[in-house]
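A look at the structure
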Amino acid sequence: LLPKEPSGHLHLSMVLHDAGKTDLALAHAGQAVLLDRKSHDALNNRALIYQSLNRHDEALRDLQRAAKLRPISAEVWTNLGVSQMALGRKKEAETALKRAVAIDPQNAVAAVNLGVLLCKNKLYQDAILVLQEAVKLATALGDARHNLARAYALTQRPRLAEQQYRIMLQAALV
């Protein structure tokens, strides 16, 4: 029995994606988009599936549409930044991730991705500031602390890097 409502296809696509059935997930996500062309959730969800398949051009198209439909969605802007990064569009990625953080300053995922991008762009001091905030937002988010330690190491601050790595290790042993 197949869903008739866009929300049913959207939910089913998420379940199928989590189960590793990406082809079916993509089909249901596509159906959700077809049934409700103004659903930023359906577009964002299909984009996440495209991202998992490394089909970032297609993800980008969906995310740009989703951002136009719901310009205040930090999740959409975060995902847009991730696809931009994957496509090597660093400036666009930085703009999208900064927008995500501006919309939702509590969004640790956006902050971590922004910090990683700033590190890749050799803007280490900016990366450190962003990643310090990310660590405060989500102390359980190992990516934030790991990337902060990396940024410290890249700026010749081995003591601070070691301190962050020790905290990570202690948390892993608990």
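Below is a short write-up of the structure. (Residues numbered from 1 in each chain as written. Predicted model: local features only at pLDDT ≥ 70, side-chain atom pairs only at ≥ 80, totals over all residues. Heavy atoms only, no water.)

1. Focus on the overall build of the chain
Selection criterion: Only DSSP runs of H or I with at least four residues qualify as helices, and only runs of E with at least two residues qualify as strands; both kinds are numbered from the N terminus onward. Two residues qualify as a contact provided that any one of their heavy atoms is within 4.5 Å of a heavy atom in the partner residue. Here the positive residues are Lys and Arg and the negative ones are Asp and Glu; neither His nor the chain ends is included. Think of each charge as sitting on NZ of Lys, CZ of Arg, CG of Asp or CD of Glu.
When helices and strands are counted, the chain shows ten helices and zero strands. Listing every helix and strand of the chain by position from the N terminus yields α-α-α-α-α-α-α-α-α-α. Reported as C-alpha extents along the three principal axes, the dimensions of the chain are approximately 60 × 35 × 25 Å. Within the chain, residue pairs in contact and separated by at least 24 positions form 46% of the contacts whose partners lie at least 6 positions apart. Side-chain charges of the chain comprise 23 positive and 16 negative groups, with the mean position of each set lying 5 Å from the other.

2. Focus on the packing of helix α4 (residues 56-69) against helix α5 (residues 74-86)
Rules: Between N-to-C directions, angles cover 0 to 180 degrees, with each direction set by a line fitted to C-alpha atoms, over the stretch in contact for helices. Roughly parallel here means an angle under 35 degrees, roughly antiparallel means over 145, roughly perpendicular means 65 to 115, and every remaining angle is called oblique. Crossing chirality is assigned from the near helix's rotation relative to the far helix, an anticlockwise turn below a right angle marking it left-handed and a clockwise turn marking it right-handed. For this scheme, ten residues count as nonpolar: Ala, Val, Leu, Ile, Met, Phe, Trp, Tyr, Cys and Pro. Four count as charged, namely Asp, Glu, Lys and Arg, and the remainder, Gly too, count as polar.
Contact geometry of α4 with α5 gives a least axis separation of 9 Å together with a crossing angle of 150°. With respect to α5, the axis of α4 lies roughly antiparallel. Pair α4 / α5 crosses with left-handed handedness. Between α4 and α5, the residues in contact are His56, Ala59, Leu60, Leu63, Gln64, Ala66 and Ala67 and Val76, Trp77, Asn79, Leu80, Ser83, Gln84 and Ala86, respectively. Class assignment for the residues of the contact of α4 with α5 results in nine nonpolar, five polar and no charged.

3. Quick word on the environment of proline 3
Using the following cut-off: Only protein chains enter the accessibility calculation, which uses a 1.4 Å probe; a residue is then buried when its area is under 20% of its type maximum, exposed when over 50%, and partly exposed in between.
You can see proline 3 is positioned in the segment before α1 (6-18). We classify proline 3 as partly exposed; its relative accessible area is 23%. As a C-alpha pair, proline 3 and aspartate 23 span 20 residues in sequence and 17 Å in three-dimensional space. Beyond its immediate chain neighbours, meaning those up to four positions away, proline 3 contacts Gly8, His9, Leu12 and His28.

4. As for a positive patch on the surface
Stated formally: Like-charged residues within 9 Å of one another, or nonpolar side chains (Val, Leu, Ile, Met, Phe, Trp, Tyr) within 5 Å, are grouped into patches, provided each residue has over 30% relative accessible area and no salt bridge. Where accessible areas are quoted, they stem from the Shrake-Rupley method and a 1.4 Å probe; at the residue level, only the protein chains shown are allowed to cover. When a carboxyl oxygen of Asp or Glu is within 4 Å of a side-chain nitrogen of Lys or Arg, the pair counts as a salt bridge.
Together, Lys90, Lys120, Lys122 and Arg150 line one region of the surface with positive charge. Inspection of the secondary structure puts lysine 122 in the loop between α7 (108-120) and α8 (124-137). Look at lysine 122 and you get exposed, because its relative accessible area is 60%.

5. As for the packing of helix α6 (residues 90-103) against α7
For the pair α6 and α7, the least separation of the axes is 9 Å and the interaxial angle reads 150°. The angle between α6 and α7 places the two elements in the roughly antiparallel class. Relative to α7, the crossing made by α6 is left-handed. Along its contact with α6, which presents Lys90, Ala93, Glu94, Leu97, Lys98, Ala100 and Val101, the element α7 presents Ala110, Ala111, Asn113, Leu114, Leu117, Leu118 and Lys120. When its residues are assigned to classes, the contact of α6 with α7 shows nine nonpolar, one polar and four charged.

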